[in-house]
Amino acid sequence: MVRRFGLLHATALNMTNMIGIGPFITIPLLMSALGGPQAMLGWVVALITVLCDSTVWSELGAAMPGSGGSFGYLRQGYGAEKVGRLMGFLFVWQFVLSGPLEIASGYIGFSHYLGYIWKGITPGQTMLVITIIGLVNLALLYRRIKSIAAITVALWIGTIVTVVAVIVTGAMHFDAKIAFDFPPGAFTFSLGFLLGLGTASRVGAYDYLGYYDVCYIGDEVENPGRVIPRSILISTIAVALIYVAINFSIIGVVPWREFVPVESHPQADFVVSIFMERIYGSGVATILTAMILWTAFGSVFALLLGYSRVPYAAARGGYFFKVFARLHPSQGFPYVSLVVLGVLSIVAGFVSLGMVIDALLTTRILVQFIGQIGAVTLLRRRAPDMPRPYRMWLYPLPSLVALLGWIFIFATTPKLVIAFGLGALLLGVLCFGVWSWKARTWPFAESLG
């Protein structure tokens, strides 16, 4: 693995992943959560949670730069030979579920916006589009990291151009009366409001996912102690500002009642295209839609690039099937892991967007996000002298705030989805037990040895 990703490449990777198709497809879902612009409070909750959590990723990523990110952090934080084995296994277990789901959301968003150009696209044709885009993504990533770094920057430039076009257009035609047209009782506190805020926060958290993507390719980052934390913090703050601008640009031109609730408004699938059409006509809207498709593809490109390194790192450490540790004989990238996750992502693209978002967050919060908060705390106590190129500011306050945010998002998820997440986690624990028993490793090493 060659270290070729500098600060520009790392920041581009994170931002391309974070922006992606998210803000363009989730605005209707966000507004539907609370039935009006008050749902923007969900963005605030998600931003506070993610911004604090980014300091957790920064400290861990700078101290332990390597492929796999969370896999290594959880192992070291909880003890590599005991509980860390369980946490590392569970991370890979849930990642096999949540990783392809997150990539699939980009494929779904791509197919939604393609519907503006391809009028009357059928469900069967949509599945075909998802399959083709997924295969193209695989083909582009099936190469050495040097050329991938250049492709990442090119996709990032396309993303920024698209975002600037939307924000500038929105600023020039912004109408505060449309943007702040709150329904009666918009801020009346109740259990329903709390659950709606949780839904909006979940959508917001989904849109911010990816601020840590560089951590998954730590073995390929130049000067990781400096580049990893800076790229995480820069991309998180920059994207937060961009998201606020995008959302107000849209709802300041297109009345939210025209796409809320999302189930009864088909045009909600490509609301940004409608936004541009209303101002400049269908010709310009088509061009902007093509740019959004470029942005969507850039997102899934960055996701599959980073996520394909996770099973590779786990397998290399003896925590996953050995076949995933194979590197391409001439190009030097984990081709088995890349192909497997790429194919699973295509299959996951046949599920609805709302279900994908809920499922991927629910399966990821407990082990990865909350687990890493525990890991950074344990490492501070067990290894106080461990080299830390970046140290969390105001420790432990940011990690505690992030913990509360993730608990709130998880607790307000629909019960059926929570049951799915907990069931998948329990099944993972059982599989770990069987695997450890057969391999004569912890917690059965002493009794069997």
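In this numbering scheme, every chain counts its residues from 1 along its sequence in written order. Given that the model is predicted, a residue must reach a pLDDT of at least 70 before its local features are reported, and side-chain atom pairs must reach 80 or more before they are shown or counted; all residues, however, enter totals for whole chains, interfaces and linings. Excluding hydrogens and water, the side-chain figures rest on all heavy atoms present in the structure.

A. The arrangement of the nonpolar core in detail. Nonpolar cores were defined as sets of buried Ala, Val, Leu, Ile, Met, Phe, Trp, Tyr and Cys residues, with membership established by side-chain atoms within 4.5 Å. In this scheme, a residue with accessible area under 20% of its type's maximum is buried, one over 50% is exposed, and one in between is partly exposed, where area comes from a 1.4 Å probe on protein chains only. Tyr113, Phe259 and Val272 are the most contacted members of the largest nonpolar core, which has 139 residues in total. Here this core gets 16 residues from one element, more than from any other, and that element is helix H5 (residues 83–117). Note on contacts: a residue pair qualifies if any of its non-hydrogen atoms lie within 4.5 Å across the two residues. Residues contacting Tyr113, with those up to four places away along its chain left out, are Ile21, Phe24, Ile25, Asp269, Phe270, Val271, Val272, Ser273, Thr289, Ile292 and Leu293. Where helices and strands are cited, they refer to DSSP runs of H or I of at least four residues and of E of at least two residues respectively, numbered from the N terminus.

B. Broad picture of the environment of Ala12. Locating Ala12 in the fold gives a position in helix H1 (residues 7–19). For Ala12, a relative accessible area of 0% gives the class buried. Other than its neighbours up to four places away in sequence, Ala12 contacts Thr152, Val153 and Trp156.

C. Representation of the layout of surface pockets within the structure. Within this model, the largest pocket holds a volume of roughly 630 Å³. Here the term cavity refers to a set of points on a 1 Å grid, laid over the protein atoms alone, in which a 1.4 Å probe fits but cannot get out; the term pocket refers to an open set having protein on both sides within 12 Å along at least five of seven lines, with lining residues being those that place an atom within 4 Å of a point. In terms of lining residues, the largest pocket is bounded by 32 residues, among which Leu29, His112, Ser352, Leu353 and Gly354 are the most central. Those elements that place two or more of their residues in the lining of the largest pocket are helix H2 (22–34), H5, helix H6 (123–141), helix H9 (191–208) and helix H15 (353–382). Polar here means any residue other than Ala, Val, Leu, Ile, Met, Phe, Trp, Tyr, Cys and Pro, which are nonpolar, and Asp, Glu, Lys and Arg, which are charged; Gly is therefore polar. Class assignment of the residues belonging to the lining of the largest pocket gives a composition of 18 nonpolar, 10 polar and four charged. Grid points are joined across faces, edges and corners, and a volume is the space filled by probe spheres set on the points. Here the second largest pocket defines a volume of roughly 280 Å³. Forming the boundary of the second largest pocket are Phe89, Trp93, Val96, Leu97, Tyr319, Phe320, Phe321, Lys322, Cys431 and Trp435. Elements represented by at least two residues in the lining of the second largest pocket include exactly H5 and helix H17 (415–439). Residues of the lining of the second largest pocket, tallied by class, amount to nine nonpolar, no polar and one charged.

D. Inspection of a nonpolar patch on the surface at higher detail. Only residues whose relative accessible area exceeds 30% and that take part in no salt bridge are eligible for patches, with like-charged residues grouped when within 9 Å of each other and nonpolar side chains (Val, Leu, Ile, Met, Phe, Trp, Tyr) grouped when within 5 Å. The Shrake-Rupley method, run with a 1.4 Å probe sphere, supplies the accessible areas, and residue values consider only the shown protein chains as cover. Every case where a carboxyl oxygen of Asp or Glu lies within 4 Å of a side-chain nitrogen of Lys or Arg is listed as a salt bridge. A grouping of Leu41, Val44, Ile48, Phe174, Phe180, Phe182 and Phe187 is seen on the molecular surface, where their side chains present a nonpolar patch of about 620 Å² in accessible area. Within the secondary structure, Phe187 sits in the loop between helix H8 (176–179) and H9.

E. Inspection of empty space enclosed by the protein at higher detail. Under the criterion given, the structure shown has two cavities of 30 Å³ or more. By volume, the largest cavity amounts to about 90 Å³. Looking at the largest cavity, it is lined by 15 residues, and the ones nearest its centre are Asn17, Gly22, Ser105, Tyr206 and Ser299. Of all the secondary structure elements, the ones that give two or more residues to the lining of the largest cavity are H1, H5, H9 and helix H12 (282–307). There is about 70 Å³ of room inside the second largest cavity.

F. Up close: H2. What a helix is expected to span follows from its residue count: subtract one and scale by 1.5 Å. For H2, spanning 13 residues, the distance from its first C-alpha to its last is 19 Å, which sits close to the expected 18 Å at 1.5 Å a residue. What we call the bend at a residue is the angle made by axes fitted to the seven residues finishing there and the seven residues starting there. Within H2, the axis deviates most sharply at Pro28, by approximately 30°. Burial within H2 is extensive, with 11 of its 13 residues counted as buried.

G. Local environment of the state of the cysteines. By definition, disulfides here are pairs of cysteine sulfur atoms that lie within 2.5 Å. With the rule as written, the count across this model stands at zero disulfides. The thiol of Cys52 is not disulfide-bonded; the next cysteine sulfur, from Cys215, is found 17 Å away. Residue classification places Cys215 among the buried residues on the basis of a relative accessible area of 0%.

H. Seen up close, H1. When the terminal C-alpha atoms of H1 are compared, their 18 Å separation across 13 residues agrees well with the 18 Å that a helix rising 1.5 Å per residue should span. H1 sits mainly inside the fold: 10 of its 13 residues count as buried. Buried residues of H1: Ala10, Thr11, Ala12, Leu13, Asn14, Met15, Thr16, Asn17, Met18 and Ile19, and no others. Phi turns positive one or two residues past the end of H1, at Gly20, with a value near 40°.

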